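# Fold and geometry: a report
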Amino acid sequence: MSHPTFDIQGGLTTFSGAGTFYPGENLTFTFENGTDPLETIWLAIYNELANYTGPLATGGDFYNYFVLGLLPDSFDPTTIVPPTFSGGPSEAPTNWTGSSYGAFPEDPSIAQADLGILHGGLVTGYFYEDISTGVLSLPSFDAIPETIGDYTDAVSDFIRNASAAGLERVVIDLQRNPGGAILLPYIIFKSFFPDLMPFGGSRRRSFELANVLGSAVSDYWASLNETDPYESFLKAELAADEWVIETRINAATGKNFTSWTEYQGPVNHNGDTFSLTERYDLANKVFASVRIDGFNQSSRLCLFLTQRTRPPSTNGTQSCIYPTKPLGPSQSVRGSRSKSSFLQTDFAHPPAPSSSK
Amino acid sequence: MTLEEASTLVTQHRSFFDRRRFQFLDRFVLESTLKRALLILKGYSIFWASDAQKCLTSVPFNGAVASRFLKYWNETIQFQSTLAYLKNPPEGYQQPAVDVQAELARIQQNINEGSYANQYEFEADFELLTYALHDGHVTLTAGALSAFSFASPFEIASVSIDGKQPPRVYITGSYFNVANDLASSKEPA
């Protein structure tokens with residue numbers, strides 16, 4: 001389904017541009033109001049750049065390229081025509097109106113710097129004084145590291161100005177938010193609730209390969225000598241690595257883990273074996289800075305933000321999953337933490353933060 | 001479809017350009033978006049879905065390669081911490097349970113028995129498994145399936161026409177006509 005909060009992220013929906021499976025030849029839309037049916041065909045969009053492969057003339061050519069990564073013998077690299085982009089960088093619009101085909105209002109009360117699909121800004125805010133409500137639009141947490149300061153500034157501006165205007169309610173719009181930088185929702189949460197400490201704990205499957213990896217990297221990290229300038233630098237760079245456990249907090253004790261051995265459990269749940277529960281040490285500035293500068297990791301970000309605003313009894317907020325009437329299963333936020341993109345290089349040698357996504 | 005229609009289609013989608021931040025998001029959508037847009041301008045990239053399907057089902061299947069891939073994916077999925085919970089979901093989980101290991105064994109059995117007539121059949125079976133985990137961090141964009149993205153030429157949207165009624169499904173953009181009709185038929189206050 002298309003949606004303005006997805007349009008401003010520049011994506012294509014599964015229905016209309018990102019479908020994986022063959023849906024059929026013909027497509028017919030029929031209408032409740034009796035309008036003549038709209039008859040059309042399903043399309044397929046070829047994702048590869050034709051010039052980059054030359055003709056893939058047979059099923060075998062296709063297999064060799066798409067499955068094995070081998071170019072056909074006939075391929076001539078001198079025939080590659082690089083794609084051309086018309087025009088230079090465009091000026092940043094100061095609202096989401098154009099990109100959302102008119103859905104977003106034209107004059108946001110708050111707008112992050114460099115807003116736009118082709119630009120780095122994401123956050124906008126809207127004050128409706130007649131209903132004493134502010135709306136904070138957070139379409140994504142997937143912010144380029146260099147823009148995170150502007151992102152949090154926009155949120156702070158929103159909170160400060162909404163308070164100054166005496167608004168009684170805030171709606172945070174997280175529709176189609178796919179996640180992104182884990183620390184952003186922590187920062188945003190603390191901006192709204194400075195006195196509350198969010199609990200974010202996680203654990204992983206405890207099995208041989210994971211524990212070999214974790215022990216090797218954590219032991220290596222612990223062995224780095226901070227009095228040596230290079231090792232000290234490396235130690236800082238690796239502080240937020242997923243396989244370095246000494247910078248994480250043992251949720252049960254509130255203290256840092258001393259080794260992977262302490263962390264790995266195994267603890268039995270639901271017929272499987274898991275590590276102990278870890279938490280981020282948010283007071284660790286080195287950790288935070290490397291975490292942001294490295295590849296962003298989505299965590300249970302939206303879930304985090306919404307769960308931390310429940311129940312009403314603790315901090316006066318409610319979370320609503322659209323639609324508000326029980327029409328059937330509704331889209332809730334998922335609670336999965338990104339640890340999926342392991343590369344073979346992670347197993348070959350200890351990863352640096354930039355490759356440990 | 002003419003080049004003009006294709007260009008209009010893409011202009012409507014307006015998803016031409018690359019963004020660094022999509023390094024996190026599903027690269028499949030972004031890369032296909034960018035490359036597709038460029039090729040549409042050359043007129044080479046939009047086809048009948050049924051033609052693409054004829055192409056995909058003509059790609060031969062190789063059991064040895066498939067087995068090697070399955071083994072590699074299985075080693076990787078051992079890190080997925082929800083495996084036991086997908087097999088035995090807690091109360092309130094709204095999707096069907098899936099036993100990933102059992103499904104992999106089933107697919108391997110199909111490979112062994114030569115049940116997959118072509119590469120598309122194998123990859124579709126495999127991709128369905130990855131989707132069955134319902135986890136946005138478990139994605140597979142590879143092989144013959146990555147060559148094409150399927151699309152309706154018209155987008156749909158779920159919209160409440162007045163913000164109070166339950167939402168209904170519209171052709172995206174057409175609900176403006178309905179809303180205008182509704183607004184103009186209101187009795188003056």
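Numbering of residues starts from 1 in every chain and runs along the sequence as written. Whichever chain is written first is A, and whichever ligand is written first is 1; the rest continue in order. Per-residue local features of the predicted model are confined to residues with pLDDT of at least 70, and side-chain atom pairs are confined, for both listing and counting, to 80 or more; whole-chain, interface and lining totals are unaffected and use all residues. To get the side-chain values, all heavy atoms of the structure are used, and hydrogens and water are removed first.

## So, the overall build of chain B
Only runs of H or I of at least four residues qualify as helices and only runs of E of at least two qualify as strands under DSSP, and these elements are numbered from the N terminus. Looking only at helices and strands, chain B has 8 helices and 4 strands in total. Counting from the amino terminus, chain B carries its helices and strands in the arrangement α-α-β-α-α-α-α-α-β-β-β-α. Accessibility here uses a 1.4 Å probe with only protein chains present; expressed as a share of the type maximum, an area under 20% marks a residue as buried, one over 50% as exposed, and anything in between as partly exposed. For chain B, with 189 residues in total, the buried portion stands at 46%. Accessible surface, chain B: about 9800 Å² in total, of which carbon and sulfur atoms supply 55%. Here, Shrake-Rupley sampling with a 1.4 Å probe gives the accessible areas, and only protein chains in the shown set may cover a residue.

## A short note on the packing of helix H4 (residues 63-77) of chain B against helix H7 (residues 119-132) of chain B
Residue and element names in this part refer to chain B. Contact geometry of H4 with H7 gives a least axis separation of 12 Å together with a crossing angle of 10°. When the axis of H4 is compared with that of H7, the two are roughly parallel. Contacts between H4 and H7 involve Ala66, Phe69, Leu70 and Trp73 from the first element and Phe122, Phe126, Leu129 and Thr130 from the second. Side-chain classes follow a simple rule in which Ala, Val, Leu, Ile, Met, Phe, Trp, Tyr, Cys and Pro form the nonpolar group, Asp, Glu, Lys and Arg form the charged group, and the remainder, Gly included, forms the polar group. When its residues are assigned to classes, the contact of H4 with H7 shows 7 nonpolar, 1 polar and no charged. Angles run from 0 to 180 degrees between N-to-C directions of axes, and those axes are lines fitted to C-alpha atoms, restricted for helices to the stretch in contact. Here roughly perpendicular refers to angles of 65 to 115 degrees, roughly parallel to angles under 35, roughly antiparallel to angles over 145, and oblique to all remaining angles. By definition in these notes, contact holds between two residues if any of their heavy atoms fall within 4.5 Å.

## Some points on the sheet that holds strand S7 (residues 133-137) of chain A
Residues and elements named next belong to chain A. In space, the 4 strands of this open sheet follow the order S5-S6-S7-S8, with mixed pairing throughout. Edge positions in the sheet fall to strand S5 (110-111) and strand S8 (169-173), since each of these pairs with one other strand and no more. One ladder, built from 5 bridges, connects strand S6 (residues 124-128) with S7; its direction is antiparallel. Looking across to S7, one finds that tyrosine 128 is bridged to threonine 133. Its contacts with the sheet put helix H3 (residues 148-164) on S5, S6, S7 and S8, and the angle it makes with S6 is roughly 10°. Think of it this way: DSSP has to see at least two bridges between two strands before they count as a pair.

## Focus: the sheet that holds strand S4 (residues 43-46) of chain A
Pairing is antiparallel in the open sheet, where 4 strands are placed in the order S1(A)-S2(B)-S4(A)-S1(B). Unpaired on one side and paired on the other, strand S1 (16-19) of chain A together with strand S1 (46-48) of chain B mark the two borders of the sheet. Each adjacent strand pair in this sheet contributes to an overall mean axis angle of 40°, direction not counted. Relative to S1(B), S4(A) runs antiparallel, the two being bridged by 3 bridges. Residue pairing for S1(B): A:Leu43 is matched across the bridge by B:Trp48. Running over the sheet, helix H3 (residues 49-56) of chain B touches S4 of chain A together with S1 and strand S2 (148-151) of chain B and is turned about 150° from S2(B).

## Notes on the environment of A:Gly121
Inspection of the secondary structure assignment puts A:Gly121 in the loop between S5 and S6. Note: C-alpha distance between A:Gly121 and A:Ala143 (22 residues apart in sequence) is 8.0 Å.

## Some remarks on the pattern of salt bridges
Residues and elements named next belong to chain A. For salt bridges, the criterion is a side-chain nitrogen of Lys or Arg within 4 Å of an Asp or Glu carboxyl oxygen. Going through the model one piece at a time under the given rule, you end up with 14 salt bridges over all chains. The shortest N-O distance in the salt bridge between arginine 204 and glutamate 242 comes to 3.9 Å. Note that arginine 204 is positioned in the loop between strand S9 (201-202) and helix H5 (208-223) and glutamate 242 in the loop between helix H6 (229-237) and strand S10 (249-250), a separation of 38 residues in sequence. Summarising the burial analysis for this pair, arginine 204 and glutamate 242 share the class buried. For arginine 248, the salt bridge goes to glutamate 278, with nearest N and O atoms at 2.6 Å. Within this pair, whereas arginine 248 is found in the loop between H6 and S10, its partner glutamate 278 is found in strand S13 (residues 278-279), the two being separated by 30 residues in sequence. Per residue, the accessibility class of arginine 248 equals that of glutamate 278, and both read buried. What emerges from the salt-bridge pattern is a single network uniting Arg204, Glu242, Arg248 and Glu278.

## Structural notes on the confidence of the model for chain A
One confidence number per residue, pLDDT, is output by the predictor and ranges from 0 to 100. For chain A, the mean per-residue pLDDT works out to 82, and 79% of the residues sit at or above 70. In this model, residues 295-357 of chain A is a region of pLDDT below 50 whose contacts with residues beyond four sequence positions or in other chains number 142 contacts.

## Some details on the nonpolar core
In terms of nonpolar packing, the biggest core is built from 24 residues, with A:Phe62, A:Phe66, B:Leu56, B:Phe148 and B:Phe150 touching the most fellow members. Where this core is concerned, the elements lending two or more residues are strand S2 (26-29), S4 and helix H2 (59-66) of chain A together with H3, H7 and S2 of chain B. Per-element accounting of this core gives the leading share, 4 residues, to H2(A). Remark: nonpolar core denotes a set of buried residues (Ala, Val, Leu, Ile, Met, Phe, Trp, Tyr, Cys) joined through side-chain atoms within 4.5 Å.

## Considering unusual backbone geometry
Residues and elements named next belong to chain A. Here the bond from glycine 265 into proline 266 is cis, since omega is 10°, no more than 30 degrees from zero. Along the chain, proline 266 turns up in the loop between helix H7 (260-263) and strand S11 (267-269). The phi angle at arginine 176 is positive, at roughly 60°, despite the residue not being glycine. With respect to the secondary-structure elements, arginine 176 resides in the loop between S8 and helix H4 (183-192). Taking relative accessible area as the criterion, arginine 176 reaches 33% and is therefore assigned partly exposed.

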